[in-house]
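# Residue-level structural notes
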Amino acid sequence: MGVGPEVGEIPAIVREADGPVRVRAVGERLGLDASVPGRLGPSRARMTRLADRG
């Protein structure tokens, strides 16, 4: 299973934020439809892994 191109975009979005970042806000910036249940789950997991790595 490969990673999507958004994995490289997530750190840039987080760095631009002034404070805590919501997964919904990142998903919207990535062009994901946040109104669809379960659509943000993979992004949430990616953000968690990236945060754990530092």
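Scope of this entry: the structure provided in the associated data block.

Definitions and cut-offs
- Residues numbered from 1 in each chain as written.
- Predicted model: local features only at pLDDT ≥ 70, side-chain atom pairs only at ≥ 80, totals over all residues.
- Heavy atoms only, no water.
- Salt bridge = Lys/Arg side-chain N within 4 Å of Asp/Glu carboxyl O.
- Helix = DSSP H or I, 4+ residues; strand = E, 2+ residues; numbered from the N terminus.
- Core = buried A, V, L, I, M, F, W, Y, C linked by side-chain atoms within 4.5 Å.
- Buried < 20%, exposed > 50% of the residue type's maximum accessible area, 1.4 Å probe, protein only.
- Contact = heavy atoms within 4.5 Å.

We now examine the pattern of salt bridges. Under the definition given, this model contains one salt bridge. Between arginine 29 and glutamate 16 there is a salt bridge, with its nearest N and O atoms 2.9 Å apart. Highlighted residues: arginine 29 in helix α2 (residues 23-29) and glutamate 16 in helix α1 (residues 6-16), separated in sequence by 13 residues.

Attention now moves to the nonpolar core. Buried together is how nonpolar side chains tend to be arranged in soluble globular proteins. Core analysis: the largest hydrophobic core is formed by eight residues, namely Ile10, Ile13, Val23, Val26, Leu30, Ala34, Leu40 and Met47. When contributions to this core are tallied by element, the ones reaching two or more residues are α1 and α2. Contacts of isoleucine 13, omitting those with residues within four sequence positions, involve Val26, Arg29 and Leu30.

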